[in-house]
Amino acid sequence: MSSPYDRGDYDPLDTFAFEALSVSTAAVGFTAATMAGTPATGKPASAAFVTVEGAPVRMRADGTNPTASVGRLFPIGASFVVWGARDLASVRFIRQNGATATLSTEFARQVA
């Protein structure tokens, strides 16, 4: 699936990988190997489209681990986008309460 749309004079994004990231009591980030893409293309992810499931999470993209009470809060059902290689590599997540959360994430890269 390409987004936002396919046109010859536009640089669309191509969704190429999916990750169901478990978020518990220790801060975690996206899996580097998943974001790297396939060797044939040589293009890593430039965006991650994320949906929060199971429990609220907190996020920080400044390279510092969030805590259960510090960081941007995303409730169950929230969707957000993480843009750019630097933020994709530095973003970290932690659950807010006792349940384990899952971040259903699709990674996309520029086609051209």
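Small disclaimer: the values here were computed from a predicted structure and weren't measured. (Residues numbered from 1 in each chain as written. Predicted model: local features only at pLDDT ≥ 70, side-chain atom pairs only at ≥ 80, totals over all residues. Heavy atoms only, no water.)

Participant: Quick question: what am I supposed to make of the overall build of the chain here?
Facilitator: In terms of helices and strands, the chain carries two helices and eight strands. When the helices and strands of the chain are read in sequence order from the N terminus, they spell out β-β-α-β-β-β-β-α-β-β. Considering the chain as a whole, with its 112 residues, one finds that 35% of them fall into the buried category. Carbon together with sulfur atoms contributes 55% to the accessible area of the chain, which is approximately 5,900 Å² in total. (Helix = DSSP H or I, 4+ residues; strand = E, 2+ residues; numbered from the N terminus. Buried < 20%, exposed > 50% of the residue type's maximum accessible area, 1.4 Å probe, protein only. Areas by Shrake-Rupley, 256 points an atom, 1.4 Å probe, with all protein chains shown as cover.)

Participant: Is there a simple way to think about the sheet that holds strand S4 (residues 57–60) in this case?
Facilitator: Hydrogen bonds between backbone groups are what pair the strands of a sheet, and the pairing can be parallel or antiparallel. The strand order across the open sheet formed by three strands is S5-S4-S7, and the pairing between neighbours is antiparallel. Each of the sheet's edge strands pairs with one partner strand only, and the pair in question is strand S5 (72–74) and strand S7 (92–95). Each strand axis lies, on average, 30 degrees off the axis of its neighbour in the sheet, ignoring direction. Both S4 and S7 contribute to a ladder of four bridges, which runs antiparallel. Residue Arg58 lies in a different strand from S7, and its bridge partner there is Ile94. (Pairing = 2+ DSSP bridges. Axes fitted to C-alpha atoms, helices over the stretch in contact; angles between N-to-C directions.)

Participant: Sorry if this is basic, but what is going on with the nonpolar core here?
Facilitator: Most often, soluble globular proteins keep nonpolar side chains buried together rather than apart. With 22 residues, the main nonpolar core has Phe30, Phe80, Phe93 and Leu103 as its most contacted residues. Taken together, the elements giving at least two residues each to this core come down to strand S2 (13–23), strand S3 (47–53), S4, strand S6 (79–83) and strand S8 (101–110). Contacts of Leu103, omitting those with residues within four sequence positions, involve Glu19, Ala20, Leu21, Val23, Val50, Thr51, Val52, Val57 and Phe93. (Core = buried A, V, L, I, M, F, W, Y, C linked by side-chain atoms within 4.5 Å. Contact = heavy atoms within 4.5 Å.)

Participant: Quick question: what am I supposed to make of the pairing of S3 here?
Facilitator: Successive residues of a regular strand alternate their side chains across the two faces of the sheet. In the sheet, S3 pairs with S6 via five bridges, with the strands oriented antiparallel. Bridge assignment links Val50 to a residue of S6, and that residue is Phe80. In this structure, S3 lies alongside S8, joined through seven bridges in antiparallel fashion. Bridge assignment links Val50 to a residue of S8, and that residue is Thr105.

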